[in-house]
Amino acid sequence: MTAIDPDTRPAGVSTPVADELPPTLLRTLPGGAYTDAGFFATEQERILERRWMCAVRVADHPNAGQFATVHVGRESVLVVRGRDGGLRAFLNSCRHRGALICTEDAGAVRRNLQCQYHAWTYGLDGKLVAAPNLSSLGDIDRSAYGLIPVASREWLGYLWVCLDDDPPSFDETVIGAVVERLGDATMIDNYRVGDLALAHRETYRVAANWKLIVENFMECYHCATIHPELTEVLPEFADGLAAQYYVGHGAEFATEADGFTVDGSAGFDRLPELAPEQDRRYYAITVNPTVFINLVPDHVIVHRMFPVSVDETLVVCDWLFHPDVVAAGADVGAGVELFHRVNQQDFEACERTQPAMGSRAYRRGGVLVPAEHHITAFHDWITEMCSEG
Amino acid sequence: MTAIDPDTRPAGVSTPVADELPPTLLRTLPGGAYTDAGFFATEQERILERRWMCAVRVADHPNAGQFATVHVGRESVLVVRGRDGGLRAFLNSCRHRGALICTEDAGAVRRNLQCQYHAWTYGLDGKLVAAPNLSSLGDIDRSAYGLIPVASREWLGYLWVCLDDDPPSFDETVIGAVVERLGDATMIDNYRVGDLALAHRETYRVAANWKLIVENFMECYHCATIHPELTEVLPEFADGLAAQYYVGHGAEFATEADGFTVDGSAGFDRLPELAPEQDRRYYAITVNPTVFINLVPDHVIVHRMFPVSVDETLVVCDWLFHPDVVAAGADVGAGVELFHRVNQQDFEACERTQPAMGSRAYRRGGVLVPAEHHITAFHDWITEMCSEG
Amino acid sequence: MTAIDPDTRPAGVSTPVADELPPTLLRTLPGGAYTDAGFFATEQERILERRWMCAVRVADHPNAGQFATVHVGRESVLVVRGRDGGLRAFLNSCRHRGALICTEDAGAVRRNLQCQYHAWTYGLDGKLVAAPNLSSLGDIDRSAYGLIPVASREWLGYLWVCLDDDPPSFDETVIGAVVERLGDATMIDNYRVGDLALAHRETYRVAANWKLIVENFMECYHCATIHPELTEVLPEFADGLAAQYYVGHGAEFATEADGFTVDGSAGFDRLPELAPEQDRRYYAITVNPTVFINLVPDHVIVHRMFPVSVDETLVVCDWLFHPDVVAAGADVGAGVELFHRVNQQDFEACERTQPAMGSRAYRRGGVLVPAEHHITAFHDWITEMCSEG
């Protein structure tokens, strides 16, 4: 059992938080879950390297030979477009002496993937195709020395990867999470996310544990305090109840808001296949462990998190609009700016929370008010994933 | 038992220091006490978080709502002036989800302390006074969710804090240490330190373990080597015997020194209530674990240490003069410069000692000559504090 | 037993590399040997602090009182030229309170080595000669408090040091390694390396484990891929077989190469005592653990490595030419540039290998092709040195 035991504090240090909580309050995870490097290592093994992680946007690498490298758990994963049009994922390490095959974040090779150390050469499908003096290695089974494949699956225009040898069901753990939140598969299908175009991308380096970012995204009790622009557009958020608390619920736009924009100005035509009840509404979805999906009538915002260490997380945020909007060079600034500010406000809140996670005041954790009670499900999931078995 | 065992070195590495010492030499702590991160963690728990630590100067935060944050052991402590004029200390962490209440080193709030994440709001006395939807939390005992108080006590114009739930006697461990050194309570009272005004403050970041700085301050065997200006004013220091070695003894100024200044120039009028035998003398006092007090006729110098890691220490040094001197804008430069140089010389010596603490040459520690034998009391205190029980 | 066990990976993570290898492939060390801080600590104790390490070039410090400090394993070693002309090595730590005696990389003292903290003073032969109030220490045996000596030996114009109390045979472990490679002691003696002059020195900070640098130097399977200039001069290197694979073999210069230069231009007269069969040949020698010697007709290149941490290594490379060449101020640029480029190419390859050593793809290590099989001897030596006993 690798879970954090809040009672390992030395004798002489008292428990500042009462053992008994009133029914309106639930306990969070103990502070050590956000500060202990060993617990983070367990999360890497048991969560980040065993679940489906959203790695790269498929359309960013359209041509054969185009590749990207991303960090998933403790691994560098190489994603490359094959000559057959397929996007594949591999461990980014040569089978000979281990060197990284590709060192850039993204790029393109002409024909093959060649290790720049001893020139072992792999096809875009990962197969070993050449090596200096390979003929002298006549007895080796070339197929046994291809790049090591990583399970992958395309969905919503992204390549999702899983480092587990026996990945959990994608339909259940990814699609299921979205459908469970929205209540119906068509509710996500209608946005045709995979057909949208990238209008803007921001990358944030957040000095906070990744779980603080998830918890922040899951609740809206903080919205009135730190998100003035967002609550202007979504008045119900000022009441503190997160949209995702209710199955199928989307937060309704304010009467005076013409669009999901920083100044309430009109956005663009609603996406063509949306149902009428999806118009003028914002839906937020958390896909454990590291993906957030935000749906509004004229665009979709996708957050991918890449936990770097126990107290640092990289967040990549994509703003996706209808291809015609992007092709026309329309000004998406007012839409992008709204959630960019929300991101900055949220990440700043997480960064002022992280330093106190090691305090004796938070040794047994803090408390969740009713509007946050649903976060308990996330905490239970973390605890279960990190437990032995 | 967490103390450093010098005999854990692997087989095959011999002991360079003889086991038997002549009576004139005493052994220091082993080198590991200055380099082992685990031993430093023990010191944080058993010493820095259990003893009275000098946190802030009271007069720096005179008005209701003014606050400061300081690091004590591993905690961020929030000190705030109440509407009733009292200065109070709390753990700087919101009782809800743990965020830091204040992030600046010092500042002021208007009415209350409000967490910038979810707006839980505390009075300047630490009581929980408001929270969004707090009415829905009707069953919680608001008094149970105030900021967690930290024991505090004002003395010499500073707020001292203690993180232990059951603090040791302030009179014994702090005032007692001063009186024991000076031989008489009036000897410190005469300086009316709490009424003096701050003329200058320097902050030093020293790349050395905090105990090296204490040991350095405790002895004067090094004075002839590295403190030319100081030994000019205090000739007996050139002989290597620290003033604090003798109860009640103050080092006498050189005949040719008109004041405690870098060039021997005259200082200011002696503080009004000093006894005649306190004139033209320098007294140095160590208050374990992290405070040094220096008394001369016309000013007082107070060092507060904030250990950051096993090999880094922050030292804040205040020069306090009579309020009339400061109010008149008199030039205190020659007085400040003397001890600023002493500080620089001492900290440089500590910084050239720290890197060798990990050497096999220092595995069992070094030796104390007779002029340093009193440091053994400090070493014994460290060992006792860090031992189980 | 401190060796890395590749099977400690948590359950659920499979072994991507087949257990059985074909006879043409041999297994390398597991990845953990290049990433585990504990294994590096073992290497420091068992290898870097027990074997002869090449510390400083003798001629860099010709005069009495000149000194240098170098890091060997975890120790700072002080090398100083005595009044009798001898070069001696000591632990760089005062016997009193441990401070570093010298803090600069190199310098000179006039008469003695004096600790800048309390003025304990040592002769250039390390003997304690003075200390403040030393007379009061009458009963101490001054000879017991000299600087702690480190075993040293001059060879090839360098001072080699060994931190072990019972150093291994220099003749066997250092000279023997060279002779074993060249087949004959005269083969190295002919270069009169100790009489050559330093024409150029480069220091490289390499973000890779020191063993990757050794392995890289030992094989030439990578030469065709990353060393275009070197294979131009030494065509047989393009075939992938390292010169040092064969006893006594030197790689022959290309017919069209007039010298060992970056552009094939002529070098200088061959060193006067070379045997005819040593002309127009390049010999490479590895002296475990951290020295490489490169011999060409008109100069010698010596690499000394100083491992800093598990993933960082400092490499100092000296280019030595005949004293007449250096005295004449001849342009050695074309010769220096050739191996400087080789160094840069090699270290870049090591730096792209290091990040993947922690991958599950390399958990059991990679494979050695026949041209690399001799590296197994190095791996076996590492394993043996790090094993208990």
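About the cut-offs
- Residues numbered from 1 in each chain as written.
- Chains lettered and ligands numbered in written order.
- Predicted model: local features only at pLDDT ≥ 70, side-chain atom pairs only at ≥ 80, totals over all residues.
- Heavy atoms only, no water.
- UniProt positions renumbered as here; feature names shortened; annotations may be inferred.
- Helix = DSSP H or I, 4+ residues; strand = E, 2+ residues; numbered from the N terminus.
- Buried < 20%, exposed > 50% of the residue type's maximum accessible area, 1.4 Å probe, protein only.
- Polar contact = N/O pair within 3.5 Å; in protein donor to acceptor, adjacent residues only side chain to side chain.
- Contact = heavy atoms within 4.5 Å.
- Disulfide = S-S within 2.5 Å.
- Buried area = accessible area lost by both parts, 1.4 Å probe.
- Salt bridge = Lys/Arg side-chain N within 4 Å of Asp/Glu carboxyl O.
- Nonpolar A, V, L, I, M, F, W, Y, C, P; charged D, E, K, R; others polar.
- Phe/Tyr/Trp six-rings, centres within 6.5 Å; stacked < 30°, edge-to-face > 60°.
- Lys NZ or Arg CZ within 6 Å of the ring centre and 35° of its normal.
- Pairing = 2+ DSSP bridges.
- Least-squares fit on C-alpha atoms with pLDDT ≥ 70 in both.
- Domains from an automatic or database assignment.

Let us look at the UniProt feature "domain: Rieske" (unreviewed entry) in chain A. Here the UniProt-annotated "domain: Rieske" (unreviewed entry) positions come out as residues 52-161 of chain A. Secondary structure over residues 52-161 of chain A splits into 0% helix and 41% strand, and the C-alpha atoms at its two ends are 5 Å apart.

This part is about the side chain of A:Asn294. Residues and elements named next belong to chain A. Relative to the elements of secondary structure, Asn294 occurs in strand E15 (residues 291-296). Taking relative accessible area as the criterion, Asn294 reaches 1% and is therefore assigned buried. Engagement of the side chain of Asn294 in a polar contact is seen with the side chain of Tyr282, the distance being 2.6 Å. A polar side-chain atom of Asn294 sits 3.2 Å from a polar atom in the side chain of His303. Not counting the four nearest positions on each side in its chain, Asn294 is found in contact with Phe217, Tyr282, Tyr283, Ala284, His299, Val300, Ile301, His303 and Phe339.

Our focus in this paragraph is the state of the cysteines. Tallied over the entire structure, the rule returns three disulfides over all chains. Covalently, A:Cys220 is tied to A:Cys223 through a disulfide, its sulfur atoms 2.0 Å apart. Between A:Cys220 and A:Cys223 the disulfide shows an S-S torsion of about -105°. By sign, it is left-handed. Each member of the pair, A:Cys220 as well as A:Cys223, is classed as buried. Looking at the unpaired B:Cys386, the closest cysteine sulfur is the one in B:Cys162, lying at 15 Å. C:Cys317 takes part in no disulfide bond, and the closest cysteine sulfur, belonging to C:Cys54, lies 12 Å away.

With that settled, consider the environment of A:Ala33. By secondary structure assignment, the location of A:Ala33 is in the loop between strand E1 (26-27) and helix H1 (37-48). Put simply, A:Ala33 and A:Ile382 are 349 residues apart on the chain and 9.6 Å apart in space, counted from C-alpha to C-alpha.

A few words now on the interface of chain B and chain C. Facing 40 residues of chain B, the contacting portion of chain C comprises 35 residues. Roughly 3,000 Å² is buried in total at the junction of chain B and chain C, and carbon and sulfur atoms are behind 51% of that figure. When the area that chain B buries against chain C is broken down by residue, the three leading residues are B:Tyr221, B:Arg352 and B:Arg360, summing to 26%. Remark: the boundary between chain B and chain C carries four salt bridges. A salt bridge links C:Glu75 to B:Arg360, with the shortest nitrogen-to-oxygen separation between them at 3.6 Å. Seen at the junction of chain B and chain C, the total is 15 residue pairs in polar contact (both at pLDDT 80 or more). Elements with a contribution of two residues or more to the side of chain B that touches chain C: helix H4 (210-218), helix H5 (223-226), helix H8 (333-353) and strand E18 (367-368) of chain B. If one sorts the elements of the side of chain B that touches chain C by residue count, H8(B) sits on top with three residues. Looking at the side of chain B that touches chain C residue by residue, the class counts come to 22 nonpolar, 11 polar and seven charged.

Following the criterion strictly, the structure yields 42 aromatic pairs over all chains and no others. On the basis of an interplanar angle of 85° and a centroid distance of 5.2 Å, the ring pair of C:Trp52 and C:Phe170 is categorised as edge-to-face. Note that C:Trp52 is positioned in the loop between helix H1 (37-48) and strand E2 (53-57) and C:Phe170 in helix H2 (residues 170-182), a separation of 118 residues in sequence. The same class applies to C:Trp52 and to C:Phe170, which are both buried. An aromatic cluster of at least three residues, connected via ring pairs, comprises A:Phe237, A:Phe253, A:Phe260, A:Tyr282 and A:Phe339. Between A:Lys211 and the ring centre of A:Tyr34, over which it is positioned, the NZ or CZ distance is 4.7 Å.

Right, let's talk about the pairing of strand E16 (residues 299-309) of chain B for a bit. All names here are of chain B. Of all the 11 residues making up E16, nine are buried; the element is thus mostly covered by neighbouring parts of the structure. Across six bridges, the pairing between strand E15 (residues 291-296) and E16 is antiparallel. Bridging across to E16, Val296 finds its partner in His299. The hairpin formed by E15 and E16 contains two residues between the paired strands.

It is worth spelling out the relation of the copies chain B and chain A at this point. Applying a rotation about an axis and a shift along it to one chain copy brings it onto the other copy. Each copy of the sequence occupies a distinct position, and chain B is placed on chain A by a rotation of 120° and an axial shift of 0.1 Å, giving an RMSD of 0.1 Å. Here the transformation between the copies is reduced to the relation of a three-fold axis. Using C-alpha coordinates, one finds that chain B approaches the rotation axis most closely at B:Ala37, a distance of 8.7 Å.

What follows is about the interface of chain B and chain A. Of the residues lining the interface, 35 residues belong to chain B; the matching set on chain A comes to 40 residues. Carbon and sulfur atoms make up 51% of the area that chain B and chain A hide from each other, which totals about 2,900 Å². Summed over the shared surface of chain B and chain A, the result is four salt bridges. Here A:Glu372 ties to B:Arg97 by a salt bridge, and the two come within 2.7 Å at their closest N and O atoms. If you look at where chain B meets chain A, you find 15 residue pairs in polar contact (both at pLDDT 80 or more). Looking at the side of chain B that touches chain A residue by residue, the classes come out as 16 nonpolar, nine polar and 10 charged.

Residues and elements named next belong to chain C. Note that Ile188 resides in helix H3 (residues 185-189). It is 11 Å that separates the C-alpha atoms of Ile188 and Ala177, two residues lying 11 residues apart in sequence. Not counting residues up to four positions away in its chain, the partners in contact with Ile188 are Leu156, Val178, Leu182, Val193 and Leu295.

Let us now look at unusual backbone geometry. Put simply, A:Asn288 and A:Pro289 share a cis peptide bond, and its omega is 5°. Mapped onto the fold, A:Pro289 is located in the loop between strand E14 (281-287) and E15. At B:Arg280, a residue that is not glycine, the phi angle is positive and equals roughly 55°. Along the chain, B:Arg280 falls in the loop between strand E13 (251-252) and strand E14 (281-287). Residue classification places B:Arg280 among the partly exposed residues on the basis of a relative accessible area of 30%.

Residues and elements named next belong to chain A. Partitioning chain A into domains gives domain 1 (53-155) and domain 2 (188-387). One C-alpha centre belongs to domain 1, the other to domain 2, and the line joining them spans 33 Å. In this assembly, domain 1 packs against domain 2 so that about 790 Å² is buried in total across both faces, 60% of it on carbon and sulfur atoms. On the domain 1 side of the interface with domain 2, the three residues burying the most area are Met53, Cys54 and Arg57, jointly 61% of the side's total. Run the count over domain 1 and domain 2 and you get one salt bridge. With its nearest N and O atoms 2.7 Å apart, the salt bridge here joins Asp60 to Arg201. Put simply, domain 1 and domain 2 have three residue pairs in polar contact (both at pLDDT 80 or more) between them. At the level of elements, strand E2 (53-57) and strand E3 (66-72) are the ones that each hand at least two residues to the side of domain 1 that touches domain 2.

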